[in-house]
Amino acid sequence: MRLRSLAVVAVIPLAAASLAACGSSKPADPLAAAKEYAKTAPLTIDQNARDAFTSLTTVHVTANTVDSGSPLNFAMTMSKSSGCTGSMTKSGMKVDIATVASGKAYMKAGASFWTAQANATAAQLFADKWVTGFPSSEFSEFCDLTVFAEGVTKDPISGDKPKVIGTAMVNGVPAVNLQVNDTDGTSVLSIAAAAPHNLLKAVSDKGKTIIVFSQFNQALDVPTPTGAIDISTLK
């Protein structure tokens, strides 16, 4: 903008003046709302995020962490009453998961998963096929939003009180970064500046675990997988 105005100044002074005036206006600060919310008491910010998470009906969660020395990637859309759908991948083995509104759970995995978890025979029978007939409670910890939310929100703060350590844009949303200490150690939570102050991101384990939350309260309809093998009927 400045180089262009310098060139125009020599020829059209009025146009140069107009350009200079245009360039002098300051754009709105995208983090203004976050900076204002950052003035709120840290304990209140923390509680607002807990309340917002508890009130969710659906949410999409992606996580990247390390489990027993192996990378674990997780992507799940979960709900309180409409089921869940997503997948998790560990050591290159991907498992697709679906729970329908009735509560019935399904999973699908490749041959490497079944060989590692069972044997070669299981791999031949179930590889890349939907399987059902096991308790849906096996997936409730990361599939049932009511159970998941309790795990997120019930962990008490310990040690130092939470403190605001800055602001940031998270997926285009102005957020306050809150450092908290709980039984799992120290985490940095990115919390939306605007009500209902959803938890947008959590980073812990010195950056080894990153969890992102999105698609809040969006309708979820999980179709029943076709051709599933009911393992409870096998002998």
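1. Here we look at unusual backbone geometry
A cis amide bond links Ala195 with the next residue in sequence, Pro196, at an omega value of 10 degrees. Following the sequence through the fold, Pro196 ends up in the loop between strand S9 (185-192) and strand S10 (199-204). The phi angle at Ser68 is positive, at roughly 55 degrees, despite the residue not being glycine. Position of Ser68 among the secondary structure elements: in the loop between strand S1 (58-67) and strand S2 (70-79).

2. Observations regarding the pairing of S2
For S2, a buried count of seven out of 10 residues is recorded, marking the element as mostly surrounded by other parts of the structure. Sheet topology note: the S1/S2 ladder contains 10 bridges and is antiparallel. Paired with Thr62 across the strands is Ala75, a residue of S2. In this structure, the hairpin formed by S1 and S2 is closed by a connection of two residues, where Ser68 is found at a positive phi of approximately 55 degrees. Here S2 runs beside strand S3 (residues 84-90); their pairing, made up of seven bridges, is antiparallel. Each residue of the ladder has a partner; that of Asn73, found in S3, is Thr89. The hairpin turn running from S2 into S3, its antiparallel successor, is four residues long, and Gly83 in that turn takes a positive phi close to 90 degrees.

3. A look at the sheet that holds strand S4 (residues 93-99)
What the 12 strands build is an open sheet, ordered S7-S8-S9-S10-S11-S1-S2-S3-S4-S5-S6-S12; its pairing is mixed. Edge positions in the sheet fall to strand S7 (163-170) and strand S12 (229-230), since each has one partner strand and no second. The sheet contact formed by S4 and strand S5 (residues 105-109) spans five bridges and is antiparallel. Following the sheet pairing, Val95 is matched in S5 by Ala109. Where helix H4 (residues 42-55) meets the sheet, its contacts fall on S7, strand S8 (173-182), S9, S10 and strand S11 (209-214), and the angle it forms with S8 comes to roughly 105 degrees.

4. Some details on the nonpolar core
What tends to happen in soluble globular proteins is that the nonpolar side chains get buried as a cluster. Phe53, Met78, Met107, Trp114, Phe139 and Phe213 are the most contacted members of the largest nonpolar core, which has 41 residues in total. If we ignore the near neighbours within four places in the chain, the residues touching Phe213 are Phe53, Val59, His60, Val61, Phe148, Leu199, Leu200, Lys201 and Ala202. Formed by five residues, the second largest nonpolar core is a distinct cluster that contains Ala98, Val100, Tyr106 and Leu220.

5. Let's talk about the state of the cysteines
Taken as a whole, this structure holds one disulfide when the rule is applied. The disulfide partner of Cys84 is Cys143, and the S-S distance across this bridge is 1.5 Å. Disulfide Cys84 to Cys143: torsion about the S-S bond roughly -60 degrees, handedness left-handed. Remark: Cys143 occurs in helix H7 (residues 140-143) and Cys84 occurs in strand S3; sequence separation between them is 59 residues. Looking at Cys84, the relative accessible area reads 0%, which means it is buried. With a relative accessible area of 5%, Cys143 lands in the buried category.

So, how was this worked out
- Residues numbered from 1 in each chain as written.
- Predicted model: local features only at pLDDT ≥ 70, side-chain atom pairs only at ≥ 80, totals over all residues.
- Heavy atoms only, no water.
- Helix = DSSP H or I, 4+ residues; strand = E, 2+ residues; numbered from the N terminus.
- Buried < 20%, exposed > 50% of the residue type's maximum accessible area, 1.4 Å probe, protein only.
- Pairing = 2+ DSSP bridges.
- Contact = heavy atoms within 4.5 Å.
- Axes fitted to C-alpha atoms, helices over the stretch in contact; angles between N-to-C directions.
- Core = buried A, V, L, I, M, F, W, Y, C linked by side-chain atoms within 4.5 Å.
- Disulfide = S-S within 2.5 Å.

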